[in-house]
Amino acid sequence: MKKKTLLFGAMAALMACTQAQAGNKTHSLVVYYSQSGTTEKVANIIQKKTGADIERLQPVNPYTGDMGAIAGAFMGERKDGKFRELKPLKAKVADYDTLYVGTPVWAGTISGPIHSFIKANNLKGKVIIPFCTFGSGGNTSITDLKAALPESKVSSSWYGVRTARVDKAEAEVETFLINLGVLKGKKTSLPAFSAQHAVSADEKAIFDKACGSYPMPLGTPSTVGTRSLDNATEYLFTCNSKDMQGRESKQLIYVIKGNAEGSVPEFTQVER
């Protein structure tokens with residue numbers, strides 16, 4: 001079972017290289033695609049805190065329609081391996097050592113314009129620090145980004161946030177960048193989750209409060225582990241579910257609840 005949070009991902013051996021390069025604004029570029037403006041909010045926060053240059057990817061033929069139409073068009077492109085051409089970038093990618101690469105998660109993976117960017121640019125040897133926004137979870141998109149960049153130094157530390165809670169991004173991004181070594185500050189070492197135990201009635205109520213309004217089924221929580229953070233408790237629920245083929249499966253649901261009186265539990269991400 002993966003022990004990973006929304007904020008940090010797993011810290012990896014390439015960290016020394018990342019720390020040495022990522023904070024140098026003359027060698028760092030935030031490059032992102034944003035369909036609705038949510039990923040752009042996170043990109044702007046990263047740019048503001050790091051001083052990096054920034055560039056938004058723009059398809060020559062923009063994606064239009066609702067998310068269903070966009071996802072349908074994207075899945076067709078993915079099947080054919082032909083993604084939309086991008087408008088020329090103002091930045092010269094070759095001039096940068098480190099790229100913060102941001103994407104919305106489409107159909108569980110990186111968006112079409114990110115595929116186009118990867119195909120159009122030589123990213124060999126560059127440090128890639130991923131960030132993403134999503135409706136439910138982003139971990140599979142990061143796996144796909146790494147697979148698409150086998151010759152790049154893709155950081156195992158990544159930042160992701162649900163669209164529904166993007167207002168939390170600024171504080172979370174700052175913590176992420178401190179732990180990455182890009183910003184000065186006290187690094188946070190997260191405790192492990194407790195062993196999974198049967199979900200109590202109170203824990204089930206916390207799950208329902210956090211996830212009840214989510215439009216897609218997340219399964220039924222059977223067990224849960226917890227850990228104490230500075231000002232909150234984080235829950236890792238194991239849920240029984242079914243995949244698209246109707247087969248039994250399990251997924252991990254992360255929920256965080258502040259310790260202050262009146263705090264409302266929040267669904268932060270799912271790992272499938």
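Each remark here, short or long, concerns the structure printed above.
Residues numbered from 1 in each chain as written. Predicted model: local features only at pLDDT ≥ 70, side-chain atom pairs only at ≥ 80, totals over all residues. Heavy atoms only, no water.

Draft legend 1. Here's a closer look at the packing of helix H2 (residues 38–50) against helix H6 (residues 169–180). Interhelical geometry of H2 versus H6 gives an angle of 50° and a closest axis separation of 10 Å. In terms of orientation, H2 and H6 fall into the oblique class. As for how H2 packs across H6, the hand of that crossing is right-handed. In this structure, H2 uses Val 42, Ile 45, Ile 46, Lys 48, Lys 49 and Thr 50 to contact H6, whose residues at the interface are Ala 169, Glu 170, Val 173, Glu 174 and Leu 177. (Axes fitted to C-alpha atoms, helices over the stretch in contact; angles between N-to-C directions. Helix = DSSP H or I, 4+ residues; strand = E, 2+ residues; numbered from the N terminus. Parallel < 35°, antiparallel > 145°, perpendicular 65-115°, else oblique. Left-handed = near helix turned anticlockwise from the far one by under 90°. Contact = heavy atoms within 4.5 Å.)

Draft legend 2. Structural view of the nonpolar core. Leu 99, Ile 114 and Phe 117 are the most contacted members of the largest nonpolar core, which has 24 residues in total. Listed by contribution, the elements that provide at least two residues to this core are strand E1 (28–32), helix H3 (67–80), strand E3 (98–106) and helix H4 (112–120). Those residues in contact with Ile 114 that sit more than four places away from it in its chain are Tyr 33, Leu 57, Val 101, Gly 102, Thr 103 and Leu 145. Ile 45, Ile 129, Val 166 and Val 173 belong to the second-largest nonpolar core, a separate cluster that totals 20 residues. (Core = buried A, V, L, I, M, F, W, Y, C linked by side-chain atoms within 4.5 Å. Buried < 20%, exposed > 50% of the residue type's maximum accessible area, 1.4 Å probe, protein only.)

Draft legend 3. Broad picture of unusual backbone geometry. One non-glycine residue with positive phi stands out, namely Ala 107, at about 50°. When you line up the elements, Ala 107 lands in the loop between E3 and strand E4 (109–110).

Draft legend 4. Molecular detail of the sheet that holds strand E11 (residues 248–258). The strand order E8-E9-E10-E11-E12 describes an open sheet built from five strands, whose pairing is antiparallel. Each having just a single partner strand, strand E8 (197–198) and strand E12 (266–271) make up the two edges of the open sheet. (Pairing = 2+ DSSP bridges.)

Draft legend 5. Highlighting the environment of Asp 97. Looking at the element boundaries, Asp 97 is found in the loop between H3 and E3. Asp 97 sits in the partly exposed class, given a relative accessible area of 32%. A C-alpha to C-alpha distance of 31 Å links Asp 97 and Ser 136, two positions 39 residues apart in sequence.

Draft legend 6. Expanded view of the pattern of salt bridges. A full pass over the atoms with the stated rule returns eleven salt bridges. A salt bridge links Glu 170 to Lys 49, with the nearest nitrogen and oxygen atoms 3.7 Å apart. Of this pair, Glu 170 sits in helix H6 while Lys 49 is found in helix H2, placing the two residues 121 residues apart along the sequence. By relative accessible area, which is 34% here, Glu 170 ends up partly exposed. Ionic pairing is found between Arg 227 and Glu 234, a salt bridge with its closest N-O pair at 3.0 Å. Each of Arg 165, Asp 167, Lys 168, Glu 172 and Glu 266 takes part in one network of salt bridges that share partners. (Salt bridge = Lys/Arg side-chain N within 4 Å of Asp/Glu carboxyl O.)

Draft legend 7. Local environment of the packing of aromatic side chains. If you walk through the whole model with that rule in mind, you get nine aromatic pairs. Residues Tyr 63 and Trp 106 carry aromatic rings whose centres are separated by 5.0 Å and whose planes lie at 75° to one another, so their mutual orientation is edge-to-face. Residue Tyr 63 is found in the loop between strand E2 (53–56) and H3, and its partner Trp 106 is found in strand E3; the two are separated by 43 residues along the sequence. Exposure class is identical for Tyr 63 and Trp 106. Each is buried. Taken together, the aromatic side chains of Tyr 33, Tyr 63, Phe 74, Phe 83 and Trp 106 make up a single cluster linked through ring pairs. (Phe/Tyr/Trp six-rings, centres within 6.5 Å; stacked < 30°, edge-to-face > 60°.)

Draft legend 8. Layout of the pairing of E12. With five of six residues buried, E12 lies mostly within the body of the structure. Bridging between E11 and E12 involves five bridges; their strand directions are antiparallel. Its bridge partner lying in E12, Tyr 254 is registered against Gln 269.

Draft legend 9. Spatial organisation of the environment of Lys 41. Along the chain, Lys 41 turns up in helix H2. In sequence terms Lys 41 and Asp 167 are 126 residues apart; their C-alpha atoms lie 9.2 Å from each other.

Draft legend 10. Fine view of the pairing of E2. Bridge analysis of E1 against E2 gives four bridges, and the strand direction is parallel. Looking across to E2, one finds that Val 30 is bridged to Ile 54. Following the chain from E1 across H2 to the adjacent parallel E2, one finds a crossover that is right-handed. (Right-handed = clockwise from strand over helix to strand, strands pointing away.)

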